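Residue-level structural notes
Listed below, chain by chain, are the residues.
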Amino acid sequence: MGKCKFNENWLDNPVFAPWLVPVKDVHEARCKLCKKYFKLGTMGVKAVESHMQSAKHKSVDKTTSISHFCSAPACTSAAPSQCKMESDLTEMKIGFIGAGNMAFGIAQGILMSGKVNRENVKVSAPSSNNLGRFQCKMESDLTEMKIGFIGAGNMAFGIAQGILMSGKVNPENVKVSAPSSNNLGRFQELGVAVTHSNSEVVTGSRLVFMAVKPHLVPTVLCEIAPFVTQQHVIVSVAAGITLATLEGLLPPDSVVMRLMPNLPCMVQEGALLFSRGSRARPEDGSLLRGLLTPCGLVEEGPETWIDAHTGLSGSGVAFVYLFAEALAEGGVKMGMPSALAHRIAAQTVLGAGRLLRDSGKHPAQLRSDVCTPGGTTIFGLHELERGGLRATTMGAVEAATERARELGKK
Ligand SMILES: NC(=O)c1ccc[n+]([C@@H]2O[C@H](COP(=O)([O-])OP(=O)(O)OC[C@H]3O[C@@H](n4cnc5c(N)ncnc54)[C@H](OP(=O)(O)O)[C@@H]3O)[C@@H](O)[C@H]2O)c1
């Protein structure tokens, strides 16, 4: 086997995606568990795999197992005997008697190599307890996965658009339901099937996004509960609706996750945080992360962070719009035409955001970089401090978080 290099698709690889995060761009990465830095452009896949096998990494990583991943063209030029062996592997029927952790680790490894056809693998076990994760992995080819949306509003559309634009999900495998046809047309334009029946979405999907307004969630969950099985993954985006409420209204053993996205998912620049319910496994989280990565930044955390994320990022988008509007109006006050001032304000917010994210610098550092002593910016910043912008913004995040908590208790 040649020296396999990473290609740009490694972000989608479920072996690396849960723990390897890009630094600046996809050519540099850091292990988010033990912080080791990798220059992917110059090193091979083997070096990263060796890190996965190191005692230091294993001591913190409970989610991934070792497999060989190689998709660089250099690796396809194997000796004829090796090619023969590899073609034998794609056709080989492989069975596992027992569906425990060891079988899962081996199955995951051989499937990730891409050399074994997942349809040729069969697993047996007396109970269904451990079989779900094999089915999940075998379906991890997202193009085959059936995905449903209950609710056809802005959030459902933003997520659907993001996952479809990635090209990983086949639009024919996506179905969305809503009581009226008001919002269904734009989904049809994406090639997605539409219906007025929520139960049809559940029976025809494996992963279902619950994207109705929070006050409707209990009614809709009671309606779909008879159709939800242990094979489903139900992902709620409803603000304030807790995992306990979701699990309490669905059949026992339902796999539930809570996701808090924000509106920029519509342009694949969302900030999404999810929490797993008591029956959702790490691999369900990996599946959701893999699916949503094209929508923006996807992070997993405890449920207690979800309300803070709602305040910071869900509502935070509106805080940024208010600031952009005020910037533009400042320009208008100083004599600039309104349309031009708004275009420049939007670009200023976008550019500042990208620089902040991509430089990895603290915002205070970047702010100080544009502050010439005695210059224009420090005079402007003084005005913002005098108006209490910093304290007001912190108060806004706190108020929105508290409101999300309150809604969750209703
Ligand atoms: N918007 C955001 O920025 C944001 C951010 C984070 C989380 N969220 C969460 O996302 C969820 C949806 O918000 P949204 O902004 O997308 O709302 P929205 O635009 O008002 O859309 C709600 C959708 O639910 C549909 N609906 C109403 N009753 C239904 C029922 N019984 N069964 C199935 N569908 C039903 C509506 O149908 P019609 O099309 O027929 O009206 C509509 O398509 C909310 O729970 C919210 O908390 C939103």
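A few points on the structure. Because the structure is predicted, anything quoted here is derived from the model rather than measured. (Residues numbered from 1 in each chain as written. Predicted model: local features only at pLDDT ≥ 70, side-chain atom pairs only at ≥ 80, totals over all residues.)

1. Section: the sheet that holds strand 11 (residues 255-260)
Within the open sheet, the eight strands sit side by side as 8-7-6-9-10-11-12-13. Their pairing is mixed. Each edge of the sheet is formed by a strand with only one pairing partner; in this case those strands are strand 8 (193-195) and strand 13 (296-300). Strand-to-strand twist across the sheet, computed as the mean angle between neighbouring axes with direction ignored, equals 20°. Direction of pairing for strand 11 relative to strand 12 (residues 270-276): antiparallel, over a ladder of four bridges. Directly across from Met257, in strand 12, lies its bridge partner Arg276. On the sheet, helix 6 (residues 154-165) packs against strand 6 (147-150), strand 7 (174-177), strand 9 (207-210) and strand 12 and is oriented at approximately 175° with respect to strand 7. (Pairing = 2+ DSSP bridges. Helix = DSSP H or I, 4+ residues; strand = E, 2+ residues; numbered from the N terminus. Axes fitted to C-alpha atoms, helices over the stretch in contact; angles between N-to-C directions. Contact = placed C-beta atoms within 7 Å.)

2. A word on unusual backbone geometry
With phi around 75°, Asp253 is a residue other than glycine that occupies positive phi space. With respect to the helices and strands, the residue Asp253 is situated in the loop between helix 10 (243-249) and strand 11. Its identity is not glycine, yet Gln268 carries a phi of approximately 60°, on the positive side. With respect to the helices and strands, the residue Gln268 is situated in the loop between strand 11 and strand 12.

3. Some details on the site of the ligand
Taken together, 28 residues sit near the ligand, with Gly151, Gly153, Met155, Ser180 and Ala238 positioned nearest. When residues of the shell around the ligand are assigned to their parent elements, the largest contribution, three residues, is made by helix 6. Residue composition of the shell around the ligand, by class: 17 nonpolar, 10 polar and one charged. (Near = placed C-beta within 6 Å. Nonpolar A, V, L, I, M, F, W, Y, C, P; charged D, E, K, R; others polar.)

4. Comments concerning helix 13 (residues 316-333)
Compared with the 26 Å implied by 1.5 Å per residue over 18 residues, the 26 Å span of helix 13 between its first and last C-alpha is a close match. Backbone geometry just downstream of helix 13 places Gly335 in the positive-phi region, at approximately 105°. (Expected span 1.5 Å × (residues − 1).)

5. Quick word on the nonpolar core
One finds Ala156, Ala160, Met210, Ile234 and Val235 to be the most contacted residues of the largest nonpolar core, which totals 60 residues. Tallying contributions element by element places helix 6 first for this core, with six residues. When near neighbours in sequence (up to four residues on either side) are disregarded, Ile234 contacts Val208, Met210, Val228, Leu246, Leu250, Ser254, Val255 and Val256. Counting residues in hydrophobic clusters, the runner-up holds seven residues, among them Trp10, Val15, Ala29 and Cys31. (Core = buried A, V, L, I, M, F, W, Y, C linked by C-beta atoms within 7 Å. Buried ≥ 20, exposed ≤ 12 C-beta atoms within 10 Å, placed from the backbone.)

6. Here we look at the pairing of strand 9
Alternating positions in strand 9 separate into two faces, Leu207 and Phe209 on one and Val208 and Met210 on the other, with burial throughout. Bridging between strand 6 and strand 9 involves four bridges; their strand directions are parallel. Considered in strand 9, the bridge of Ile147 is made with Leu207. Summarising the sheet, strand 9 and strand 10 (residues 233-236) pair through four bridges and their orientation is parallel. By the bridge assignment, Leu207 is partnered in strand 10 with Val233. Between the parallel elements strand 9 and strand 10, the chain passes through helix 9 (residues 217-224) in a crossover that is right-handed. (Right-handed = clockwise from strand over helix to strand, strands pointing away.)

7. A closer look at helix 9
Listing the buried residues of helix 9 in full gives Val217, Val220, Leu221 and Ile224. Each buried residue of helix 9 sits inside an arc of 100° when the element is viewed along its axis, so together they form one side. Facing away from the buried side of helix 9 by over 90 degrees, the exposed positions are Thr219 and Cys222. Tucked into the core, helix 9 has its buried residues touching strand 6, helix 8 (198-203), strand 9, strand 10 and helix 10. (Arc of directions from axis to C-beta.)

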